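Understanding the architecture of this molecule
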Amino acid sequence: METWVLSSHDIAKVVAAAGRDALMGRIIDRLAEGFAQIGRGERDLSPPRGGFERAEPVPGVFEWMPHRDAGDSITLKTVGYSPANPRRFALPTIIGTVARYDDHTGALTALMDGVLLTAMRTGAASAVASRLLARPGSRTLGLIGAGAQAVTQLHALSLVFELERVLVWDAEAAHRDSFARRAAFTKIPVQIADPARIIAECDIVTTATSVPAGAGPVLPDGPHREHLHINAVGADLVGKTELPLALLTRAFVSADHPEQARREGECQQLAGHRTAPGLTRLAAEPALARPWRERLSVFDSTGFAFEDALAMEVFLQTAAEHGLGRRLPIEHHPADALDPYALQPLPAGAPAAR
Ligand SMILES: NC(=O)c1ccc[n+]([C@@H]2O[C@H](COP(=O)([O-])OP(=O)(O)OC[C@H]3O[C@@H](n4cnc5c(N)ncnc54)[C@H](O)[C@@H]3O)[C@@H](O)[C@H]2O)c1
């Protein structure tokens, strides 16, 4: 059995063939339905992720994120969070790969990039949460942190709200200055604004920063619209949070993965406080979320592998529709299952193995 591989070139062709908006729209729909299935008890939540933390020479985290659909497949994302990457290596902060295995045999059935997939499914998760918890007529989006995730946060939210402008802030001047160029495809006017103005003027705010653990908040507490909804995306490590505690304690805080969020998300700050039903429950029962569309709400997004599994499905289906990707014999499946040396024939001219 061969592995279906989507290279970075295939990913580019998938995006070109389907179109950014259609692809993101499909991921949003798939996540909305998948979250509701978990909320109704029809599918399982992924186990919390594990990882290695590295301090020096390049601080960051390397994580493994598993999800099992019993009887069908296991999806495993391996992902590095290395916030020095853009500056030191001209690489994204988040780099990952997603692998899918057959649940019956353990064989590797598909393999693809996790960089674009992560950014798109994280934007899509915020779109699903915001559609549940933000005021439907929201027009102004604020972004704190103008890095890679900010682009897909704006993209996904622009597909579910009629956004008229986006106010953006980043600690690095070069990142806030280049955001308008990176977001130009959305055609939504971008203005640079400081965090106090963002919280005061926006209907929806996304925080997606690489602020170090213990160095938050990135958004001040201050006057805001009564119906403000915040997608807190960047708190996904032990000790790392982005929002002020006073704001969190006033808000309806719904987490994507409550257990993981208590360990790594904004919910770390809420130990001992009552938290709201999780996003999967709200997706299954939107009536629970409806009253909060006119009040302060927070989506505590830490990200989990079920989202990656669903986004991978969308990429693979789109690739199949357009005949993209390659089948490669990555694993050795010997002709005699009991003889590991029953190797595939060598290409002509290759030296014989001993
Ligand atoms: N919840 C999820 O599912 C999920 C998924 C992917 C990434 N993330 C998290 O989102 C965050 C952003 O990821 P990214 O890929 O956009 O990284 P990135 O490096 O591309 O962008 C992060 C930006 O934050 C800015 N920043 C750092 N400290 C700041 C501060 N105090 N105020 C304002 N801006 C500040 C940086 O200058 C940078 O531009 C990371 O913490 C990442 O782990 C979460």
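Residues numbered from 1 in each chain as written. Predicted model: local features only at pLDDT ≥ 70, side-chain atom pairs only at ≥ 80, totals over all residues.

Once that is clear, we can look at the overall build of the chain. Within the chain one finds eleven helices and 14 strands. The C-alpha radius of gyration of the chain comes to 21 Å, within 12% of the 20 Å expected for a compact globule of 354 residues. Judged by the C-alpha coordinates and their principal axes, the chain covers about 75 × 45 × 40 Å. Put simply, 72% of the contacts in the chain that link residues at least 6 apart link residues at least 24 apart. (Helix = DSSP H or I, 4+ residues; strand = E, 2+ residues; numbered from the N terminus. Rg over C-alpha atoms; globule rule 2.2 N^0.38 Å. Contact = placed C-beta atoms within 7 Å.)

Now for the domain arrangement of the chain. Considered domain by domain, the chain is made up of domain 1 (3-116 + 306-328) and domain 2 (119-304). Of all the elements in the fold, those that place two or more residues in the side of domain 1 that touches domain 2 are helix 2 (20-39), strand 3 (60-69), helix 4 (115-133) and helix 11 (305-321). With twelve residues, helix 2 is the single largest residue contributor to the side of domain 1 that touches domain 2. The residue makeup of the side of domain 1 that touches domain 2, split by class, is 19 nonpolar, four polar and five charged. (Domains from an automatic or database assignment. Nonpolar A, V, L, I, M, F, W, Y, C, P; charged D, E, K, R; others polar.)

Right, let's talk about the site of the ligand for a bit. In the neighbourhood of the ligand, 30 residues make up the surrounding shell, with T93, G145, G147, Q149 and G303 lying closest. Mapped onto the shell around the ligand, the elements with two or more residues apiece are helix 4 and helix 5 (148-160). For the shell around the ligand, the element with the highest residue contribution is helix 5, accounting for three residues. Class assignment for the residues of the shell around the ligand results in 14 nonpolar, 13 polar and three charged. Both domains that meet at the shell around the ligand, namely domain 1 (3-116 + 306-328) and domain 2 (119-304), each give it at least three residues. (Near = placed C-beta within 6 Å.)

Quick look at the sheet that holds strand 12 (residues 252-255) now. As summarised here, the arrangement of the seven strands in space is 9-8-7-10-11-13-12, forming an open sheet in which the pairing is parallel. Edge strands, defined here as strands with exactly one partner in the open sheet, are strand 9 (190-192) and strand 12. Along the sheet, successive strands turn relative to each other by an average axial angle of 20 degrees, direction set aside. In this fold helix 4 packs onto strand 10 (204-207), strand 11 (229-232), strand 12 and strand 13 (297-300), with an angle of close to 160 degrees to the strand it touches most, strand 11. (Pairing = 2+ DSSP bridges. Axes fitted to C-alpha atoms, helices over the stretch in contact; angles between N-to-C directions.)

Attention now goes to the nonpolar core. I28, A124 and V128 are the most contacted members of the largest nonpolar core, which totals 93 residues. In terms of residue count, the dominant contributor to this core is helix 4 (eleven residues). Viewed by domain, this core spans two of them, domain 1 (3-116 + 306-328) and domain 2 (119-304), each represented by three or more residues. Not counting the four nearest positions on each side in its chain, A124 is found in contact with M24, I27, I28, L31 and A156. (Core = buried A, V, L, I, M, F, W, Y, C linked by C-beta atoms within 7 Å. Buried ≥ 20, exposed ≤ 12 C-beta atoms within 10 Å, placed from the backbone.)

Running from N to C, helix 2 and helix 5 point in directions that differ by 80 degrees, and their axes come no closer than 10 Å. With respect to helix 5, the axis of helix 2 lies roughly perpendicular. In contact with R20, D21, M24, G25 and I28 of helix 2, helix 5 contributes H155, A156, L159 and V160. Of the residues belonging to the contact of helix 2 with helix 5, the class tally is five nonpolar, two polar and two charged. (Parallel < 35°, antiparallel > 145°, perpendicular 65-115°, else oblique.)

Moving on, we come to the sheet that holds strand 5 (residues 94-102). Strand order across the open sheet formed by seven strands is 2-3-4-5-6-1-14, with mixed pairing between neighbours. At either margin of the open sheet sits one strand with a lone partner, and together these are strand 2 (50-54) and strand 14 (326-328). Adjacent strand axes in the sheet meet at a mean angle of 15 degrees, parallel and antiparallel pairs treated alike.

All right, on to helix 11 then. In a regular helix each residue adds 1.5 Å, so 17 residues correspond to 24 Å; helix 11 covers 24 Å between its end C-alpha atoms and thus fits that length. Looking one or two places after helix 11, you find G323, whose phi comes out positive at around 65 degrees. (Expected span 1.5 Å × (residues − 1).)

What follows concerns helix 5. In terms of burial, helix 5 is a largely internal element, twelve of the 13 residues being buried. Within helix 5, burial applies to A148, Q149, A150, V151, T152, Q153, L154, H155, A156, L157, S158 and V160.

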